[in-house]
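Inside the fold
These are the residues of each chain, in order.
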Amino acid sequence: MSDVKFFSGESVPLEMHKVRMVQRVNLLPVEERLKCMGEAGFNTFLLKNRDIFLDMLTDSGVNAMSENQYAAMMRADDSYAGSETFFRLEEALQDMFGMKYFLPAHQGRACENIIAQTLVKPKPKSVALMNYHFTTTKGHIIQNGGSVEELIGDDGFKIQSDEPFKGDIDIAKLNEAIKRLGKEKISFVRIEAGTNLIGGQPVSMRNMREVSRICRGENIKLIFDASLLADNLYFIKTREAEFKNTGLKEITREMGSLMDVIYFSARKLGSARGGGIVTSDDGMFAAMRELVPLYEGFLTYGGMSVREMEAMAVGLHETLDIDVISQTPIFVEAMCNELQAKGVPVVMPPGGLGCHLDAKQFCSHVPQKQYQAGALASALYITSGVRGMERGTLSEQRNEDGSEILAEMELVRLALPKRVFTLSQIKYTVDRVAWLFENRRLIGGLEFVEEPKVLRFFFGRLKPIGNWPEVLAQQFRKDFGESL
Ligand SMILES: Cc1ncc(COP(=O)(O)O)c(C=O)c1O
């Protein structure tokens, strides 16, 4: 974020950190990558890390940690109940969001389980309104007998748009849904900021204020998923004029004042491994507290290692440092701009979390029912050793009658874990994606061989329709010669 100009005039996303610990990565020849993809059932989740060159599957639990986070891990206070570590983390969260209570949980979806069990009702079936779902969020709501309704604005699904906050809730849709359903049927309203499945797109403070005002007026609980808050803070600061000169802590505190319950995956927010729920609502706290020892562990560790809790407390504090949180968005922007200049369809404006390829355009010759984004993610691994994640129809769950839900967007997410990759690795990825785009007609579809009922994208196995992966690998060899 530091405004460093280059003499050359080139715009470079300069790193404001140096690397002092490294991990070796391995780039296999294309023939071996083809074999690995086959063994993984054309599902990038089932690849082995040892076979991956650049792992852009996710930022979850794989962000780089700072020297201060590692140092904090050494002073962790290991006790089952009442550890000092818990009180330090509690204080960090109270300070950050200005909320009274903290409930620890082992990761983000564990928080979702607790919230859904507390607020979702099966009879009559309650509805959770939200800007957009996340896979595990929807899974827990459905598991508890509820349903999800999405209220994202129309620009949210546009691949190319000038709208800076594509994650905003459409206020007219929110008002209409409350009127149609009646507030008794609504389990809660949920804001996910930024939004994961629609390209890491941010939510504006203006929108949060308006949604909060409506929810308070109707006495509906407002839940905030802050897992991707770091990127969202950066976008509020840089895209929402009112906040240009506002401190990140002040912005975060205002968010806290607007919400009833905030939860997060600390595999993302705070760059550690864990999760937590904060609230100032006495009733919610009492109801949720009972579930923590049942599913997570005692109230002062919630299934987490105390070392991770210490790292999280420091990581949360560092989230309020613009040089720390800007690194991912400026790399994402550089990557999106380079790909767009080469004609590759990517979600614009760039969001947080990673660069998102639009598989609907990239693989327009592949029917959506043959999992365009899944096929593209597999093809990219074969082409480059880069592992991305399918975020499209494969990540949906079938309807109760077994029919497919065709996703609004078919994306391949190339996540950039915080402060992990270098600029040359980004350039390598852009180069290989551009080659694949030139050769996109070689990509074919996929079909399931083994399809789990719940969260099928995690461990479902597929096979290619035809022999397109072999043909793709042969073309790569022809064009790149001896190169890996
Ligand atoms: C927005 C959002 N919510 C919830 C979760 C679930 O968190 P976890 O993976 O820690 O269970 C994630 C994880 O990616 C997420 O991105």
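This part is about the site of the ligand. In the vicinity of the ligand, 15 residues are found, and the nearest of them are Q107, G108, R109, S227 and S265. Classifying every residue of the shell around the ligand gives 2 nonpolar, 8 polar and 5 charged.

Below, the discussion takes up the packing of helix 16 (residues 372-384) against helix 19 (residues 468-480). Relative orientation of the contacting elements helix 16 and helix 19 amounts to 35°, with a least axis distance of 10 Å. Along this stretch, helix 16 crosses helix 19, giving a crossing that reads as right-handed. Two secondary-structure elements touch here, helix 16 through A379, I382 and T383 and helix 19 through P469, L472, A473 and F476. Of the residues that constitute the contact of helix 16 with helix 19, the class distribution is 6 nonpolar, 1 polar and no charged.

A separate point is the sheet that holds strand 8 (residues 275-279). The strand order across the open sheet formed by 7 strands is 2-8-7-6-5-3-4, and the pairing between neighbours is mixed. On the outer flanks of this sheet lie strand 2 (101-105) and strand 4 (147-150), each paired with one strand and no other. Neighbour to neighbour, the strand axes of the sheet diverge by 25° on average, direction disregarded. One ladder, built from 4 bridges, connects strand 5 (residues 186-192) with strand 6 (residues 222-225); its direction is parallel. Note that in strand 6 the partner of I191 across the bridge is F224. Across the face of the sheet, helix 6 (residues 171-181) comes into contact with strand 3 (127-130), strand 4 and strand 5 while running at roughly 170° to strand 3.

Okay, the domain arrangement of the protein chain next. For the protein chain, the assigned domains read domain 1 (30-59 + 324-480) and domain 2 (67-321). Contact with domain 1, which involves 24 residues of that partner, is made by 27 residues of domain 2. For the side of domain 1 that touches domain 2, the secondary structure elements donating two or more residues are helix 13 (322-325), helix 14 (327-341) and strand 9 (354-358). Sort the elements by how many residues they give to the side of domain 1 that touches domain 2 and strand 9 lands first, with 3 residues.

As defined by bridge partners, strand 3 adjoins strand 4 across 4 bridges and the pair is classed as parallel. By the bridge assignment for strand 4, A128 is matched with V148. As for the winding sense of the linkage, the β-α-β connection from strand 3 through helix 5 (residues 135-143) to strand 4 is right-handed.

Criteria and thresholds
Residues numbered from 1 in each chain as written. Predicted model: local features only at pLDDT ≥ 70, side-chain atom pairs only at ≥ 80, totals over all residues. Near = placed C-beta within 6 Å. Nonpolar A, V, L, I, M, F, W, Y, C, P; charged D, E, K, R; others polar. Axes fitted to C-alpha atoms, helices over the stretch in contact; angles between N-to-C directions. Helix = DSSP H or I, 4+ residues; strand = E, 2+ residues; numbered from the N terminus. Left-handed = near helix turned anticlockwise from the far one by under 90°. Contact = placed C-beta atoms within 7 Å. Pairing = 2+ DSSP bridges. Domains from an automatic or database assignment. Right-handed = clockwise from strand over helix to strand, strands pointing away.

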